[in-house]
Amino acid sequence: VRSVATSDQVLVSADQCLPVFSPNCAEVTPLVFPHTINTFSVSPCCRFLTAGLQNGSMQLVYLPAKRVMSGQVIAEALDEELGATFSCSLFTEDTMTLCTSAGEVITFTNIDLDSLDRFIKAGDMENIKSIQGQISMTKSRVGQSTIRDCSVLKGETILATDRGLV
């Protein structure tokens, strides 16, 4: 179970469900995914969420509408008996990062959240696709380490692995 509270919502993940609560928890909208949610993180603007699912997919959610905008398989899935596919995730102003338990760091850059939000509100599918097409994905490995958690400190990503901090 993971949880995050922002000024706009309270989010809690359990198994395949991510309930999105109003700030005072009087209302709730459940988002149900096809696979177990291993990790999720909310953008600094609190309008977007990225979730890493057990099947190796990443889901991008637009929180004001409480709907999945896109999803794609980005990592090899682990059998649930072997553990979680994703161990942690980060969302900064222009970067989304998901880390697999197996030591892979998958980073999405060149993300223009303000424009994406504006085009979603306007229903401008052509420009939404254009913004999404500009996003770059890179993959890297952290040696033979198992990634346990991740955080950002003074603009730098720090990974906690079974062999120490990276």
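In what follows, the structure referred to is the one given above.
Residues numbered from 1 in each chain as written. Predicted model: local features only at pLDDT ≥ 70, side-chain atom pairs only at ≥ 80, totals over all residues. Heavy atoms only, no water.

**Examining the sheet that holds strand E6 (residues 48-53)**
Either a parallel or an antiparallel arrangement is found when strands of a sheet pair, and the pairing is made through backbone hydrogen bonds.
Here's step 1: What the four strands build is an open sheet, ordered E5-E6-E7-E8; its pairing is antiparallel. The open sheet has two free edges, formed respectively by strand E5 (37-42) and strand E8 (67-73), since each of these has just one partner strand. Pairwise comparison of adjacent strand axes, ignoring direction, gives a mean angle of 20° for this sheet.
Here's step 2: Relative to strand E7 (residues 57-62), E6 runs antiparallel, the two being bridged by five bridges. Following the sheet pairing, Phe 48 is matched in E7 by Tyr 62. (Pairing = 2+ DSSP bridges. Helix = DSSP H or I, 4+ residues; strand = E, 2+ residues; numbered from the N terminus. Axes fitted to C-alpha atoms, helices over the stretch in contact; angles between N-to-C directions.)

**Observations concerning the pattern of salt bridges**
Think of it this way: side chains of opposite charge can pair up when their charged atoms draw near.
Here's step 1: Using the criterion set out here, one finds three salt bridges in the structure.
Here's step 2: For Arg 47, the salt bridge identified is with Asp 114, shortest N-O distance 2.6 Å. Separated by 67 residues along the polypeptide, Arg 47 in the loop between E5 and E6 and Asp 114 in helix H1 (residues 113-122) bring together distant segments of the chain.
Here's step 3: Assessed through its relative accessible area of 18%, Arg 47 is described here as buried.
Here's step 4: Lys 121 is the salt-bridge partner of Asp 117, the closest N and O atoms lying 3.2 Å from each other. With a gap of four residues between them, Asp 117 and Lys 121 both fall in helix H1, about one helical turn apart.
Here's step 5: Of the residues examined, Lys 121 reaches a relative accessible area of 63% and is grouped as exposed.
Here's step 6: One network of salt bridges, with partners in common, ties together Arg 47, Asp 114, Asp 117 and Lys 121. (Salt bridge = Lys/Arg side-chain N within 4 Å of Asp/Glu carboxyl O. Buried < 20%, exposed > 50% of the residue type's maximum accessible area, 1.4 Å probe, protein only.)

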